[in-house]
Amino acid sequence: MTLLPNYVDDSWKELLSDDFIEKLNVIEKTLDRMPLHDCGYAYFPKKDKIMRFLSLDLQNIKCIILGMEPYPSWYINEDGKIEGVATGRSFEVKNVKSWQQKFKQASLINILKAIVFNETGQKKTIAEIRNDIDNGDFQMSEPPEWFDKREQSGVLFLNATLTVKPDQPDSHTQLWEAVMNDVMKYIDKKNKNVKWLLFGKNAKQRVIFTIGENNNQYHCCHPRLPQFVDENIFKNIEEIKWNL
């Protein structure tokens, strides 16, 4: 089963029933039969990143940031090769290595703005924030380190759908629906204290439909929208330091 990461934490072992593995086998066979897109990939992210969350200790997870699916876009890397921007973590963009980069993903930009607002009480433009980071007036880990550190501190960056066809949003939603229902129900059963940050109406509906509504769920508009900053969903998770 090559969809599973090389290391699966013991906290997930009860999830991996024969029925669950059979569902994954069907998905893997479907993915393997898919024709390559012009970009050279049949889907994003790479196979070894699809279920990377299984390497984390579920009992250490304090909150889940739920997105709907991986980014379907790609870029040309330093070696001139095409790479997908999806990493297997919701809202992370593989080719964004610095906040000073001029990247186009509005969700990640507004997540940064919301963190600044949460920490300082000030709403600033992206240019102002970049200047503050550059001058040392606002401490913020660079994007790859930021995602790593948040994950280490108990944040699970999860998508409701784990793969996507290049250039085709919502192309694999049905493919992953049953498996991700199992995953979300398992999380809800094994870690009752986990807090869900539901970014957007679709994420909210997806979770409530699957596990029901509870007091550990916090929802807001999708981070691609400017009002995401005003809603400041990060204030609800005080146990996580969001910027360093």
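Residues numbered from 1 in each chain as written. Predicted model: local features only at pLDDT ≥ 70, side-chain atom pairs only at ≥ 80, totals over all residues. Heavy atoms only, no water.

As recorded in an unreviewed UniProt entry, the protein chain goes by Uracil-DNA glycosylase and comes from Longibaculum muris.

1. So, the packing of helix α1 (residues 18–33) against helix α5 (residues 173–190)
Going by this rule: Axes here refer to lines fitted to C-alpha atoms; in helices the fit is confined to the stretch in contact. Angles between the N-to-C directions go from 0 to 180 degrees. Counting from the N terminus, the helices are the DSSP runs of H or I reaching at least four residues and the strands are the DSSP runs of E reaching at least two. An angle below 35 degrees is treated as roughly parallel, one above 145 as roughly antiparallel, one from 65 to 115 as roughly perpendicular, and anything else as oblique. Should the near helix be turned anticlockwise from the far one by less than a right angle, the crossing is termed left-handed; should it be turned clockwise, right-handed. Contacts are assigned to residue pairs with any non-hydrogen atoms lying within 4.5 Å of each other. Residue classes follow a fixed rule: Ala, Val, Leu, Ile, Met, Phe, Trp, Tyr, Cys and Pro count as nonpolar, while Asp, Glu, Lys and Arg count as charged, and any other residue, Gly among them, counts as polar.
Between α1 and α5, the least distance of the axes is 10 Å, while the angle of their chain directions is 150°. Looking at the two axes, α1 sits roughly antiparallel to α5. The two elements α1 and α5 cross, and the hand of that crossing is left-handed. From α1, Phe20, Lys23, Leu24, Ile27, Thr30 and Leu31 reach across to α5, where they touch Leu175, Trp176, Ala178, Val179, Asp182 and Val183. Within the contact of α1 with α5, the residues separate by chemical class into 9 nonpolar, 1 polar and 2 charged.

2. Regarding the pattern of salt bridges
The test is simple: One speaks of a salt bridge when a side-chain nitrogen belonging to Lys or Arg is within 4 Å of a carboxyl oxygen belonging to Asp or Glu. Three labels apply to residues, based on accessible area from a 1.4 Å probe with only protein chains included: buried if under 20% of the type maximum, exposed if over 50%, partly exposed otherwise in between.
A full pass over the atoms with the stated rule returns 17 salt bridges. Of the charged contacts, one joins Glu92 and Arg89 as a salt bridge, the two residues approaching to 2.9 Å between their closest N and O atoms. The class of Glu92 is buried, set by a relative accessible area of 9%. Of the charged contacts in the structure, one is a salt bridge between Asp132 and Lys124, with a shortest N-O distance of 2.6 Å. Beyond isolated ion pairs, a larger network of salt bridges with shared partners links Arg89, Glu92, Asp148 and Glu151.

3. What about empty space enclosed by the protein?
Where we set the bar: Residues are called lining when one of their atoms sits within 4 Å of a cavity or pocket point, these points coming from a 1 Å grid over the protein atoms alone, where a cavity is a set in which a 1.4 Å probe fits but cannot get out and a pocket is an open set with protein on both sides within 12 Å along at least five of seven lines. Grid points are joined across faces, edges and corners, and a volume is the space filled by probe spheres set on the points.
The tally for this structure, following the rule as stated, stands at 2 cavities of 30 Å³ or more. Considering only enclosed or pocket space, the largest cavity measures out at about 70 Å³ in volume. In terms of lining, the largest cavity is formed by Pro45, Ile50, Phe53, Pro70, Ala86, Gly88, Phe157, Leu158, Asn159 and Leu162. In this model, the second largest cavity occupies a volume close to 40 Å³.

4. Remarks on the pairing of strand β6 (residues 217–220)
Inclusion rule: Strands pair, by our definition, only if DSSP identifies at least two bridges between them. When the strands point away from the viewer and the path from the first strand over the helix to the second turns clockwise, the crossover is right-handed.
Relative to β6, strand β5 (residues 195–199) is paired through 4 bridges, and the arrangement is parallel. From the neighbouring strand, Leu198 faces β6, where its bridge partner is His219. Taken together, β5, helix α6 (residues 201–211) and β6 constitute a β-α-β crossover, and its handedness is right-handed.

5. Topic: the side chain of Arg130
By the element assignment, Arg130 lies in helix α3 (residues 126–135). Setting aside residues no more than four positions away along its own chain, Arg130 makes contact with Trp99, Gln100, Gln101, Lys102 and Phe103.

6. Some details on α5
Put simply, the test is: A helix is expected to span 1.5 Å multiplied by its residue count minus one. Values of bend correspond, residue by residue, to the angle between axes fitted over the seven residues ending at that residue and the seven starting there.
For α5, spanning 18 residues, the distance from its first C-alpha to its last is 25 Å, which sits close to the expected 26 Å at 1.5 Å a residue. At Val179, α5 is deflected by roughly 35°, the largest bend along its length. Residues of α5 that are buried include every one of Trp176, Val179, Met180, Asn181, Val183, Met184, Tyr186, Ile187 and Asp188, and no others. Where α5 is buried, its residues contact α1, β1 (63–67), β4 (155–159), β5 and α6.

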